[in-house]
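Structural overview for review
Each chain is listed here by its residues.
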Amino acid sequence: MGQGPSTSALQQCIQGVANNRAGFAAFAGSPLYQIQWVKPYNLDVLVEPAAVVRPQTAQDISDIIKCANANNVKVQAKSGGHSYQNYGAGGSDGAVAIDMVNFQKFSMDTKTWYATIGAGHRLGEVDKKMHAQGGRAMAHGVCPGVGLGGHATIGGLGPMSRMWGSALDHIVEVEVVTADGKIQRASATQNEDLFWALRGSASGFGVITEFVVRTHPEPAKVVQYEYTIKLGKQADVAPLYSKWQALMADPKLDRRFGSMFIMFPLGAIITGTFYGTQEEFLQSGIPNALPQDGNGHLVLNDWLGALTHDAEKEALYLSGLAMPFISRSLAFKRQDLLGPEKIKDIFNWVDAQKKGTLLWFIIFDAAGGAIEDVPQNATAFAHRDKVMYYQSYGIGLPVTKTTKDFITGFHGQVVQKAGPGTWGTYPGYVNNALVDQQRQYWDSNLPALEQIKARWDPKDLFHNPGSVRPAKK
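Computed from a prediction, not measured in an experiment: that's the story for all the values here.

Calculation criteria
- Residues numbered from 1 in each chain as written.
- Predicted model: local features only at pLDDT ≥ 70, side-chain atom pairs only at ≥ 80, totals over all residues.
- Heavy atoms only, no water.
- Helix = DSSP H or I, 4+ residues; strand = E, 2+ residues; numbered from the N terminus.
- Rg over C-alpha atoms; globule rule 2.2 N^0.38 Å.
- Buried < 20%, exposed > 50% of the residue type's maximum accessible area, 1.4 Å probe, protein only.
- Contact = heavy atoms within 4.5 Å.
- Areas by Shrake-Rupley, 256 points an atom, 1.4 Å probe, with all protein chains shown as cover.
- Lys, Arg positive; Asp, Glu negative; His and termini not counted.
- Charge placed at Lys NZ, Arg CZ, Asp CG, Glu CD.
- Disulfide = S-S within 2.5 Å.
- 1 Å grid on protein atoms, 1.4 Å probe; cavity = no way out; pocket = protein on both sides within 12 Å on 5 of 7 lines; lining within 4 Å.
- Points joined across faces, edges and corners; volume = space filled by probe spheres on them.
- Nonpolar A, V, L, I, M, F, W, Y, C, P; charged D, E, K, R; others polar.
- Salt bridge = Lys/Arg side-chain N within 4 Å of Asp/Glu carboxyl O.
- Phe/Tyr/Trp six-rings, centres within 6.5 Å; stacked < 30°, edge-to-face > 60°.
- Lys NZ or Arg CZ within 6 Å of the ring centre and 35° of its normal.
- Axes fitted to C-alpha atoms, helices over the stretch in contact; angles between N-to-C directions.
- Parallel < 35°, antiparallel > 145°, perpendicular 65-115°, else oblique.
- Left-handed = near helix turned anticlockwise from the far one by under 90°.
- Pairing = 2+ DSSP bridges.
- pLDDT = per-residue confidence, 0-100.

1. Structural notes on the overall build of the chain
Along its length, the chain carries 15 helices and 18 strands. The C-alpha radius of gyration computed for the chain amounts to 22 Å, which stays within 12% of the reference 23 Å derived for 473 residues, consistent with globular compactness. Principal-axis analysis of the C-alpha atoms places the extent of the chain at approximately 65 × 55 × 45 Å. Expressed as a percentage of the 473 residues in the chain, the buried residues total 59%. Across the chain, every contact between residues at least 6 apart in sequence was considered, and the portion connecting residues at least 24 apart equals 72%. When the accessible area of the chain is evaluated, it comes to approximately 19000 Å², of which 53% is carbon and sulfur surface. Mean positive and mean negative side-chain charge positions of the chain (44 and 42 charges, respectively) differ by 3 Å.

Printed below as a string of structure tokens:
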């Protein structure tokens, strides 16, 4: 894994940047290094960076990057540390991991309603600060512990994305430290090519220290729907999934509604969030397409209450705690969604498999809406034409071969049934086992990204197993 503490040139350089500041850096082999500094999210993926650094200023980051350059060591930044392959720790041994925890600046311009946010914020903290400074909001996912720095630069999808777009669609400017150690601004009018790449693929292009984002007024009312089936076979809920999928694939579906369908042992659950009043929800016609018997109910909330409700439900399936797990995912265009007979076949297949764990779940998450309004080449995020994603998880202590076979087998079933047109996945669901990994994340935007990478980071300083590589000369 790693070497014990030494006075290597890299360590000496970083210690010089620290200048005796306590809690600034730790090195491979240090006591409690993995627990207190590396903090891996997926315990099934072992990674040991050469150093973990917690800088306090952009200049600190600049100096650390210069240390890494001088010692031919790769660099990765970590905001929340929820990468499925521990990319925030480098994704493989020997990198310098830059933990952005100290970057907590926040301000709101009440004339433009642009928020300036440090890259170390977690999503839950962003929500609270935006609420306190004007009742503002932006689109993002539902896990409050996820870091803004990674989330907003790979896409940043959540239940409000059908209404407002992705998190990265809200970014109007960033401060970023590039591979040469320069502290730069990037926007639509300054370092435009870099700005394009950072919105969808930032891990390969620099370390963002702060974001300037546009915001929206918080929705005053939110209606949340939930329907649960327990103690049944997956085959029994296949017709329910087909009906739900048809609703979510409707191009005319009210954009104020976002929803997930979650399969879990002995059951399934549909969750839905509508940003409006109960009367507006009823007028939308959506309730008529959802199950309405005794297994379903509505919760009326305000904005913060809705976020808390979503976080509580998500925590049942995606805990913020580190654990060993395997995950797979796929993105669907509208024309590639599964038909009823194929859905039935897959759900029957799930019933017939040994799982190797009681902790497994499969999430189908609706997209589309405002995300589709943005041209595919407007940012590095390429999956504008996708209307649904699936993501599967198998958790174990450890993850057994049986569990791995189930998760990978389910993925194979979906790919086979969906046909050759279904290809690619959301770049936040990283998977080192993917064939042509970068192409699956960035699709037709990859060649342009490789050219920009060659201009801004030709030596591939900012590197993880799934990041963009420089174009070859």
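2. Section: the state of the cysteines
Using the criterion set out here, one finds 1 disulfide in the structure. With a sulfur-sulfur separation of 2.0 Å, Cys13 is cross-linked through a disulfide to Cys67. On the S-S bond that ties Cys13 to Cys67, the torsion sits near -80°, and the link is left-handed. In this pair, Cys13 sits in helix α1 (residues 9–18) while Cys67 sits in helix α3 (residues 58–70), placing the two residues 54 residues apart along the sequence. Of the residues examined, Cys13 reaches a relative accessible area of 28% and is grouped as partly exposed.

3. Some thoughts on the layout of surface pockets
Its boundaries defined by the atoms lining it, the second largest pocket holds a volume of some 340 Å³. Along the wall of the second largest pocket there are 18 residues; nearest its centre are Lys39, Lys78, Gly80, Gly81 and Arg122. Residues belonging to the lining of the second largest pocket are distributed by class as follows: 5 nonpolar, 7 polar and 6 charged.

4. Observations concerning the pattern of salt bridges
When their charged atoms lie close together, side chains carrying opposite charge are able to pair. Overall, the coordinates contain 20 salt bridges when judged by the stated rule. A salt bridge links Arg334 to Glu372; its shortest N-O distance comes to 3.7 Å. Taken together, the residues span a long stretch of sequence, with Arg334 in the loop between β16 (325–333) and α11 (340–352) and Glu372 in helix α12 (residues 370–373) at a distance of 38 residues.

5. Some words on the side chain of Lys78
Position of Lys78 among the secondary structure elements: in strand β3 (residues 75–78). By relative accessible area, Lys78 is classed as buried at 11%. Non-local contacts of Lys78, meaning those with residues more than four positions away in its chain, are made with Trp37, Val38, Lys39, Gly88, Ile98, Asp99 and Met100.

6. With respect to the packing of aromatic side chains
According to the stated counting rule, one finds 24 aromatic pairs in the structure shown. Relative to Phe410, the ring of Tyr390 lies with its centre 5.4 Å away and its plane at 70°, an arrangement referred to as edge-to-face. Here the residue Tyr390 occupies a position in strand β18 (residues 386–395), and Phe410 occupies one in helix α13 (residues 401–418), the gap between them amounting to 20 residues. Phe410 carries the same exposure label as Tyr390, and that label is buried. Taken together, the ring pairs in this structure connect Tyr241, Trp244, Phe261, Phe347, Trp349, Trp360, Phe364, Tyr390, Phe406 and Phe410 into an aromatic cluster. Here the guanidinium or amino end of Arg54 rests over the ring plane of Trp37, the centre of that ring lying 4.0 Å away.

7. Concerning the packing of helix α7 (residues 192–201) against helix α15 (residues 446–456)
Here α7 crosses α15 at 120°, and the two axes come no closer than 10 Å. With respect to each other, α7 and α15 are oriented oblique. Judged by the twist between their axes, the crossing of α7 over α15 is left-handed. Judged by residue contacts, Asp193, Leu194, Trp196, Ala197 and Ser201 of α7 engage Ala448, Leu449, Ile452, Arg455 and Trp456 from α15. Considering only residue class, the contact of α7 with α15 consists of 7 nonpolar, 1 polar and 2 charged.

8. Some words on the packing of helix α8 (residues 234–248) against α11
Put simply, α8 and α11 touch, their axes get as near as 8 Å, and they point 145° apart. Between α8 and α11 the crossing geometry is right-handed. Of α11, the residues touching α8 (which contributes Gln234, Ala235, Val237, Ala238, Tyr241, Ser242 and Gln245) are Pro340, Ile343, Lys344, Phe347, Asn348, Val350 and Asp351.

9. So, the sheet that holds strand β17 (residues 360–366)
Adjacent strands of a sheet form backbone hydrogen bonds with each other and so pair up, either parallel or antiparallel. Spatial strand order, β15-β12-β14-β13-β17-β18-β16: 7 strands in an open sheet with antiparallel pairing. Edge positions in the sheet fall to β15 (296–301) and β16, since each has one partner strand and no second. Adjacent strand axes in the sheet meet at a mean angle of 15° when their direction is disregarded. By the bridge criterion, 8 bridges tie strand β13 (residues 257–264) to strand β14 (residues 267–274) in an arrangement that is antiparallel. Across the sheet, the residue bridging to Met263 is Ala268, located in β14. The strands touched by α13 within the sheet are β16, β17 and β18, with β16 carrying the most contacts at an inclination of about 10°.

10. Topic: the confidence of the model for the chain
For the chain, the average pLDDT comes to 94, and 96% of its residues sit at 70 or higher. Note on residues 1–6: pLDDT under 50 across the span, and 16 contacts to partners over four residues away in sequence or across chains.

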